[in-house]
Amino acid sequence: MNLDRVIAVRNSKTVYRDGDQCIKVFNEDFSKADVLNEALNQARIEETGLPIPKILGVNMIDGKWAIVSEYIQGKTMAQLMAENPDKADEYLEQFVDIQLTVQSKTCAGLNKLKDKMNRKISQAQLDATTRYELHTRLEGMPKHNKVCHGDFNPSNIILTEDGTAYILDWSHATQGNASADAARTYLLFWLEGKIDMAEKYLSLFCKKSDTAKQYVQKWMPIVAASQSVKGNEKEREFLLSWVDVVEYE
């Protein structure tokens, strides 16, 4: 396995290309359970028929866990938006269509989003009263079993030369409420400082899915609290600010 060509570096992993293979190598201290869960998620999503890179193996390389999958030749939607700002709206529309295709699928083997959120809210740096209110609100939300990507943003979509869109990074995939996943995407745009795009995205998602904007907004504090557990201090402060401003019924 040739690890000479680096194509991406993240906080806890490095991604390499070796011919038609993509090798994601995790840091030595990365949780084995999380690596195996990511590989399992991806294998399960393959079975839904969604266009994703196929898993080819899970290996140990120099004492580090690695996931090997197909290499997809193309550019991310984030790159294309940056290179073609005049087409940003067109790409955003396609982005929402892809997300709705993902959410049209079910996958019984995935972990439940609601369980994950309850666990994360319990770990959040919030007082007991706020945590109780968030748990209560989450329990009152409709229970769905749609495929939720968990980190759906333009950098996780690769468009090939023939226009096929491949969806990457299934480490956070769960089954649950599609509007919670939309709230997550909205907050991701905000975290990148793309507020205009966040608002356009939310309007498009609600229009195309026939969902009330207020319903997605009701998920915002729940999603923000659950996401505040990971990430750096600046992101945590931003996400917790979304919890602080909420008015509970």
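The preceding data block contains the structure.
Caption draft 1: Local environment of the overall build of the chain. Assigned secondary structure in the chain consists of nine helices and ten strands. Here the C-alpha atoms of the chain give a radius of gyration of 18 Å, agreeing with the 18 Å that 2.2 N^0.38 yields for 249 residues. With the C-alpha coordinates aligned to their principal axes, the bounding extent of the chain is approximately 55 × 45 × 35 Å. Evaluated residue by residue, the chain yields a buried proportion of 47% over its 249 residues. Put simply, 64% of the contacts in the chain that link residues at least 6 apart link residues at least 24 apart.

Caption draft 2: Region of the structure containing the pairing of strand β4 (residues 55-61). Examined bridge by bridge, β4 and strand β5 (residues 64-70) share six bridges and lie antiparallel to one another. Looking across to β5, one finds that Ile55 is bridged to Ser69. Here β4 folds back onto β5 in antiparallel fashion, the turn holding two residues, of which Asp62 has a positive phi close to 50°.

Caption draft 3: Examining the packing of aromatic side chains more closely. Going through the model one piece at a time under the given rule, you end up with eleven aromatic pairs. With 4.7 Å between their ring centres and 40° between their planes, Phe26 and Phe30 make a pair best called tilted. On the accessibility criterion, Phe30 (23% relative accessible area) is partly exposed. By the ring-pair criterion, three or more aromatic residues cluster together here, those being Phe95, Phe152, Phe189, Tyr201 and Phe205.

Caption draft 4: Just the sheet that holds β5, in detail. Ordered by their spatial adjacency, five strands build an open sheet running β1-β2-β3-β5-β4, and the pairing between neighbours is antiparallel. The open sheet has two edge strands with one neighbour each: β1 (5-9) and β4. Sheet twist, expressed as the mean angle between neighbouring strand axes with direction ignored, is 25°. Its contacts with the sheet put helix α1 (residues 32-46) on β3 (21-26), β4 and β5, and the angle it makes with β5 is roughly 15°.

Caption draft 5: Fine view of the packing of helix α6 (residues 178-191) against helix α7 (residues 195-209). Viewed as axis vectors pointing N to C, α6 and α7 meet at an angle of 160°, and their least axial separation amounts to 7 Å. Judged on the interaxial angle alone, α7 and α6 are roughly antiparallel. Every pair of crossing elements has a handedness; the one defined by α6 and α7 is right-handed. Contact residues: Ala178, Ser179, Ala182, Thr185, Tyr186, Phe189 and Trp190 in α6; Ile195, Met197, Ala198, Glu199, Tyr201, Leu202 and Phe205 in α7. When grouped by side-chain class, the residues that make up the contact of α6 with α7 number eleven nonpolar, two polar and one charged.

Caption draft 6: Here's a closer look at the packing of helix α3 (residues 88-103) against α7. For the pair α3 and α7, the least separation of the axes is 10 Å and the interaxial angle reads 50°. On the basis of their axis angle, the class for α3 and α7 is oblique. Both α3 and α7 take part in a crossing whose hand is right-handed. Listed contacts from α7 to Asp89, Leu92, Glu93, Phe95, Val96, Asp97, Gln99, Leu100 and Gln103 of α3 are Met197, Lys200, Tyr201, Leu204, Phe205, Lys208 and Ser209. Of the residues that constitute the contact of α3 with α7, the class distribution is eight nonpolar, three polar and five charged.

Caption draft 7: Quick look at the side chain of Lys114. Relative to the assigned elements, Lys114 resides in helix α4 (residues 113-123). Among buried charged residues, Lys114 stands out as having no salt bridge; its nearest opposite-charge side chain is Glu139, 4.8 Å away. Discounting chain neighbours no more than four positions away, the residues touching Lys114 are Leu138, Glu139, Met141, Pro142 and Lys143.

Caption draft 8: Here's a closer look at the nonpolar core. Formed by 56 residues in total, the largest nonpolar core has its most connected members in Phe95, Ile157, Trp170, Tyr201 and Trp219. Other than its neighbours up to four places away in sequence, Trp170 contacts Asn41, Gln42, Ile45, Leu50, Ile52, Val102, Val147 and His149. Ile23, Val25, Ile61 and Val68 belong to the second largest nonpolar core, which has six residues in total.

Caption draft 9: The arrangement of α4 in detail. Listed in full, the buried residues belonging to α4 are Leu113, Lys114, Met117, Asn118, Lys120 and Ile121. The inward-facing, buried residues of α4 abut α5 (128-140), β7 (146-148), β10 (174-176), α6 and α8 (213-227).

Caption draft 10: Structural context of the pattern of salt bridges. The full count for this structure, using the stated rule, is seven salt bridges. A salt bridge links Glu83 to Lys75; its shortest N-O distance comes to 2.9 Å. With relative accessibility at 44%, the residue Glu83 sits in the partly exposed group. Look at Lys75 and you get partly exposed, because its relative accessible area is 37%. With a shortest N-O distance of 2.7 Å, Arg236 and Glu233 are connected by a salt bridge. One end of the pair, Arg236, and the other, Glu233, are both in helix α9 (residues 233-244), three residues apart, so they sit about a helical turn from each other. The buried category is assigned to Arg236, whose relative accessible area is 15%.

Procedures and definitions
- Residues numbered from 1 in each chain as written.
- Predicted model: local features only at pLDDT ≥ 70, side-chain atom pairs only at ≥ 80, totals over all residues.
- Heavy atoms only, no water.
- Helix = DSSP H or I, 4+ residues; strand = E, 2+ residues; numbered from the N terminus.
- Rg over C-alpha atoms; globule rule 2.2 N^0.38 Å.
- Buried < 20%, exposed > 50% of the residue type's maximum accessible area, 1.4 Å probe, protein only.
- Contact = heavy atoms within 4.5 Å.
- Pairing = 2+ DSSP bridges.
- Phe/Tyr/Trp six-rings, centres within 6.5 Å; stacked < 30°, edge-to-face > 60°.
- Axes fitted to C-alpha atoms, helices over the stretch in contact; angles between N-to-C directions.
- Parallel < 35°, antiparallel > 145°, perpendicular 65-115°, else oblique.
- Left-handed = near helix turned anticlockwise from the far one by under 90°.
- Nonpolar A, V, L, I, M, F, W, Y, C, P; charged D, E, K, R; others polar.
- Lys, Arg positive; Asp, Glu negative; His and termini not counted.
- Salt bridge = Lys/Arg side-chain N within 4 Å of Asp/Glu carboxyl O.
- Core = buried A, V, L, I, M, F, W, Y, C linked by side-chain atoms within 4.5 Å.

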